[in-house]
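What follows is each chain in one-letter form.
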Amino acid sequence: MKMKLKKLMLVVSTLAVSLLLVACGSSGDKKEGGSETKTIGISMPSKALERWEKDGNFMKDQFEKKDYKTDVQYAQDSVPTQVSQIENMITKNVDVLVIAPIDGEALSDVVAKAKKQDIPVLAYDRLIMHAEGVDYYATFDNFKVGVLQGQFIVDKLNLEKEAGPFNIELFGGAPDDNNAKFFFDGAMSILQPYIDDKKLVVKSGQTDFNKIAIKNWDGATAQARMDNLLSSAYTKDQVDAVLAPNDAIAVGVVSSLKGVGYGKEDRKMPIITGQDAEAASVKSIIAEEQTMTVFKNTQKLAEAAVKMVDEMVAGEKVEVNDKDTYDNGKKVVPTYLLEPVVADKDNYKEILIDSGYLKESEVKK
Ligand code: GAL
């Protein structure tokens, strides 16, 4: 009788544990010692830019070092591909989703599905808009990125002392990327007073974000727009500065300018900003074509994301440092912000090479 009771209790408790596991909806495998391996679904926008590939690799490495499994997917800048990749991850019942959206406005439905299945979501670098299910956000201070670009232009043209006027043209990032507006607003917070004072002149007259935004952050589209600006507004005048929000766009702008003879003794390159410290742009900075880039150490962003996920999984308090800025239309998403920094010809060695972010060989001509 005693034996039977014991057996029954064992069956009941095993059943209870299995039920608990099903209820938790965990995809985890049992590890030795009883703890579970959690799987993190990582959805990145594309491999077209070096930075996203780095982000994906850094996260994969760091999650795996902490005994997580990862499922890293890149969506080649196609929204339907990204949606179906995330849907697949939900079907596989990953434990947490880390998502850098292509179109911030296009993931509300899929995030709602994740929420229904109790899968926490961390928005990575770019915010996911109109979605209740976004739990946290890890990014760089996007407004500050623009401020650094604007301030760099002001300092290099010495606008505090020089009367000018200097000619400037403005570019914006992808209109469906929530970051792009922050970059632009940050830059304009610095540049607008000089435009109002007529020390800076936008000869094309194009200052509206929707007019200057570059779909998909595409370099070739930026090059075509710069070609148009040069042939319509700069047949007689020089352009002295170009606000380019990232390196891909800066590369397009540089090609266009070189095409009409900028970069020679009698026609010097304008001040051209950028962002991401992509190897091609750092080469261009060394060659004095592009002038600066805003460096966002994606290794550090990956570290922050891994730490936040770790805290989420453990049910601990997730450390954030901004609870006000990032309203996605449904909620203000608690955010961990990192600091961007300027890299130019004078400091790139120290900031980019000595830190191990890029190898000297990658930025040699
Ligand atoms: C932004 C990101 C930038 C840049 C751009 C193009 O959202 O913050 O670092 O890479 O997308 O991919």
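Keep in mind that this is a model prediction, so the values were computed, not measured.

About the criteria used
- Residues numbered from 1 in each chain as written.
- Predicted model: local features only at pLDDT ≥ 70, side-chain atom pairs only at ≥ 80, totals over all residues.
- Heavy atoms only, no water.
- Helix = DSSP H or I, 4+ residues; strand = E, 2+ residues; numbered from the N terminus.
- Expected span 1.5 Å × (residues − 1).
- Buried < 20%, exposed > 50% of the residue type's maximum accessible area, 1.4 Å probe, protein only.
- Contact = heavy atoms within 4.5 Å.
- Polar contact = N/O pair within 3.5 Å; in protein donor to acceptor, adjacent residues only side chain to side chain.
- Pairing = 2+ DSSP bridges.
- 1 Å grid on protein atoms, 1.4 Å probe; cavity = no way out; pocket = protein on both sides within 12 Å on 5 of 7 lines; lining within 4 Å.
- Points joined across faces, edges and corners; volume = space filled by probe spheres on them.
- Nonpolar A, V, L, I, M, F, W, Y, C, P; charged D, E, K, R; others polar.
- Salt bridge = Lys/Arg side-chain N within 4 Å of Asp/Glu carboxyl O.
- Axes fitted to C-alpha atoms, helices over the stretch in contact; angles between N-to-C directions.

Here helix α11 (residues 298-314) is 17 residues long and its end C-alpha atoms lie 24 Å apart, about the 24 Å a rise of 1.5 Å per residue gives. Three or more residues of α11 are buried, namely Thr298, Leu301, Ala302, Ala304, Ala305, Val306, Met308, Val309, Glu311 and Met312. Looking at the buried residues of α11, the elements they touch are β3 (39-44), α2 (50-65), β5 (96-99), β6 (121-124), β7 (134-140) and β13 (335-338). Two or three places before glutamine 299, at the start of α11, stands the capping residue asparagine 297, its side-chain oxygen 3.0 Å from that residue's backbone nitrogen.

The element β7 is extensively covered by neighbouring structure, given that five of its seven residues are classed as buried. Judged from the four bridges that link them, β6 and β7 form a sheet pairing that is parallel. Bridge pairing in β7 places valine 121 opposite valine 134. The pairing of β7 with β13 spans four bridges and is parallel. Considered in β13, the bridge of threonine 139 is made with leucine 337.

Quick look at the layout of surface pockets now. Looking at the largest pocket, its volume works out to about 560 Å³. For the largest pocket, the lining is made up of 25 residues, of which Lys268, Met269, Pro270, Ile271 and Glu288 are closest to its centre. Split into classes, the residues belonging to the lining of the largest pocket amount to 10 nonpolar, four polar and 11 charged.

A few words on the pattern of salt bridges. If you walk through the whole model with that rule in mind, you get 16 salt bridges. One salt bridge connects arginine 51 with aspartate 55, and the closest N-O pair in it is separated by 2.8 Å. Placement of both arginine 51 and aspartate 55 in helix α2 is noted, with a separation of four residues, approximately one turn of the helix. When sorted by exposure, arginine 51 lands in the same class as aspartate 55, which is buried. Arginine 51 is the partner of aspartate 125 in a salt bridge, and the nearest nitrogen-oxygen pair spans 3.0 Å. Remark: arginine 51 occurs in helix α2 and aspartate 125 occurs in the loop between β6 and β7; sequence separation between them is 74 residues. Through salt bridges that share partners, Arg51, Asp55, Asp125 and Lys296 make up one connected network.

Taken together, six strands build an open sheet; the order of strands is β4-β3-β5-β6-β7-β13 and the sheet is parallel. Looking at the sheet topology across the chains shown, the edges are occupied by β4 (69-74) and β13. Going across the sheet, the axis of each strand differs from the next one's by a mean of 15°, ignoring polarity. Both β3 and β4 contribute to a ladder of six bridges, which runs parallel. Bridging across to β4, glycine 41 finds its partner in aspartate 71. Packing of helix α3 (residues 79-91) onto the sheet brings it into contact with β3, β4 and β5, and relative to β3 it is tilted by some 175°.

Moving on: the environment of asparagine 328. Note that asparagine 328 resides in the loop between α11 and β13. Given the relative accessible area of 0%, asparagine 328 is considered buried. Expressed as a C-alpha distance, the spacing of asparagine 328 and leucine 127, which sit 201 residues apart in the sequence, is 7.2 Å. Apart from residues no more than four positions distant in its own chain, asparagine 328 is found in contact with Leu127, Ile128, Met129, His130, Ala131, Val134 and Val333. Here isoleucine 128 takes part through its backbone oxygen, which lies 3.0 Å from a polar atom of the side chain of asparagine 328. Polar contacts involving the side chain of asparagine 328 include one to the main-chain carbonyl oxygen of alanine 131, which spans 2.8 Å.

Moving on, we come to the sheet that holds strand β9 (residues 200-201). Strand-to-strand pairing in sheets goes through backbone hydrogen bonds, with the strands running parallel or antiparallel. The strand order across the open sheet formed by four strands is β9-β8-β10-β11, and the pairing between neighbours is parallel. Strands at the two margins of the open sheet, each flanked by one partner only, are β9 and β11 (271-272). Summarising the sheet, strand β10 (residues 241-243) and β11 pair through two bridges and their orientation is parallel. Across the sheet, residue alanine 241 finds its bridge partner in β11, namely isoleucine 271. Packing against the sheet, helix α5 (residues 142-156) makes contact with β8 (166-170), β10 and β11, and its axis sits at approximately 175° to β10.

With respect to the secondary-structure elements, serine 46 resides in the loop between β3 and α2. Assessed through its relative accessible area of 4%, serine 46 is described here as buried. At 3.4 Å, the side chain of serine 46 forms a polar contact with the side chain of aspartate 77. Setting aside its immediate chain neighbours within four residues, serine 46 contacts Trp52, Tyr74, Ala75, Gln76 and Asp77.

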